[in-house]
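What follows is the residue order along each chain.
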Amino acid sequence: MSLSNSRNVIALVFATLAMLMTGVASAADKGVQGTFDQPMAAVHKAAVDALTVIGCTIKKEDPAYIEGKRERKVGVFVGSGGETVSVTLSDAAAGKVGVDVRTARTFVGGAGQKNWDQSVLDEMTKQLSTPAPAN
Amino acid sequence: MHLPCLGKVIGAVVALSVFGIAGGCATTQSRYEFLADHYPPHAADAPVEVFRSGIPQVPFKRIARLDVHLEKSGFVKPTFEEALPELEKQARQAGADAIIEIEERPSQILETMVLHVTATGARYVNDR
C-alpha cells in the first residue's frame, strides 16, 4: 500500500469515527405534550420519577419545571448519554395539568443519544395510572 | 507509510477501545424518595432483607421508593446482582428494613445496555 493510499484509509477511518461521534445534527425537538387529570404535586412527582427511570440526574427542580441530564458514557463505538430532558408543567382546563416533555441533544456524541420525550410521557402515564399499594 | 504501520494504528485503536470497555464506561445512579413520613437512616452495616418475590410476613409499612440505574457500554449487560448493593444502601439511608416489590427494567441504547431497578423500601412496624 502506498503512502497516499494509507493516508486515505486513515482519513476515511477517522472521518467515519467522527461521524459516529457527532452524528447528524437533529431537527429542533417539538417535544410531546400530554394532559393529566391529577393534582400538580402528583404530576410533578411522576415527572421526577420518570426522569430518574431513564437515567437522568435532576439538575433543576421548580414547581412547574423539572430538568434532568443523562450522564455521558464512553463506548467502543459511540457511547451514550449527554441528553438534557425537561418537563414543563402548566395548568390546563378543568383543573388538569398539561405537560410538555423535550429532549435536547448535543452535537458531540449525538449518534449515541436518543429522544426521550415519549418514553418520559409513557412513564408518567404509567405511574399516574398505577394505584398506590395499600400499606 | 507502509501496511505494517497501518496495522499499528488499527491495533492502537482496538487497544484503546478495549481499554475503554475495561475502564469506566459504566455508570450507576441511585436515589430514594420517601412516600410520606421521613425516617432516620439505619447504620451502614444494618441488615436489609431482600424479597425478590412476596412480602414480609411481619407487619410493615411502605416508606420509600428506591431507584438504581445502571448503564454499561460495549454490549455488556448490567445484572441485578450489581444493582443490589446500591439498592441496599438506599434502603438503609431511607431507614428501611426490607426491600420489596422489585421491578427490573432492562433496555438498550445502541451499544449501551441499561438496567433500571425500582423497588419499595419497607420498615417493620415492630423493632427487630
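Computed from a predicted structure; not experimentally measured. In this convention, every chain numbers its residues from 1, walking through the sequence in written order. All chains are assigned letters beginning at A, and all ligands numbers beginning at 1, according to the order in which they are written. Totals for whole chains, interfaces and linings use every residue, but because this is a predicted model, local features are given only for residues with pLDDT of at least 70 and side-chain atom pairs only at 80 or more, for both listing and counting.

Participant: How do you make sense of the overall build of chain B when you look at a structure like this?
Facilitator: What chain B contains, in helices and strands, is 2 helices and 5 strands. Buried, partly exposed and exposed are defined by the number of other C-beta atoms within 10 Å of a residue's own C-beta, namely 20 or more, between the two limits, and 12 or fewer respectively, with C-beta atoms placed from the backbone. Burial statistics for chain B: of 128 residues in total, 31% are counted as buried. Throughout, a residue-residue contact means that the two C-beta atoms, derived from backbone geometry, are no farther apart than 7 Å. Within chain B, residue pairs in contact and separated by at least 24 positions form 81% of the contacts whose partners lie at least 6 positions apart. Here a helix means four or more residues in a row that DSSP labels H or I, a strand means two or more in a row labelled E, and each is numbered from the N terminus.

Participant: Just checking my understanding: could you explain unusual backbone geometry for this structure?
Facilitator: Trans is the common state for peptide bonds, and a negative phi is the common state for residues other than glycine. All names here are of chain A. At Ala94, a position not held by glycine, the phi torsion is positive, near 60 degrees. Topologically, Ala94 is positioned in the loop between strand S4 (84-91) and strand S5 (97-104). Ala94 sits in the exposed class, given 6 other C-beta atoms within 10 Å.

Participant: What is the right way to read the confidence of the model for chain A from this model?
Facilitator: Parts of the prediction with low pLDDT should not have their coordinates interpreted in detail. Residue and element names in this part refer to chain A. A residue's pLDDT is the predictor's confidence in that residue, given on a scale from 0 to 100. In the predicted model, chain A carries a mean pLDDT of 82, and the fraction of residues at 70 or more is 76%. Averaged pLDDT values over the elements of chain A bottom out at 52 in helix H1 (residues 3-22) and peak at 97 in S4. Considering only residues more than four positions removed or in separate chains, one finds that residues 18-27, a stretch of pLDDT under 50, has 17 contacts.

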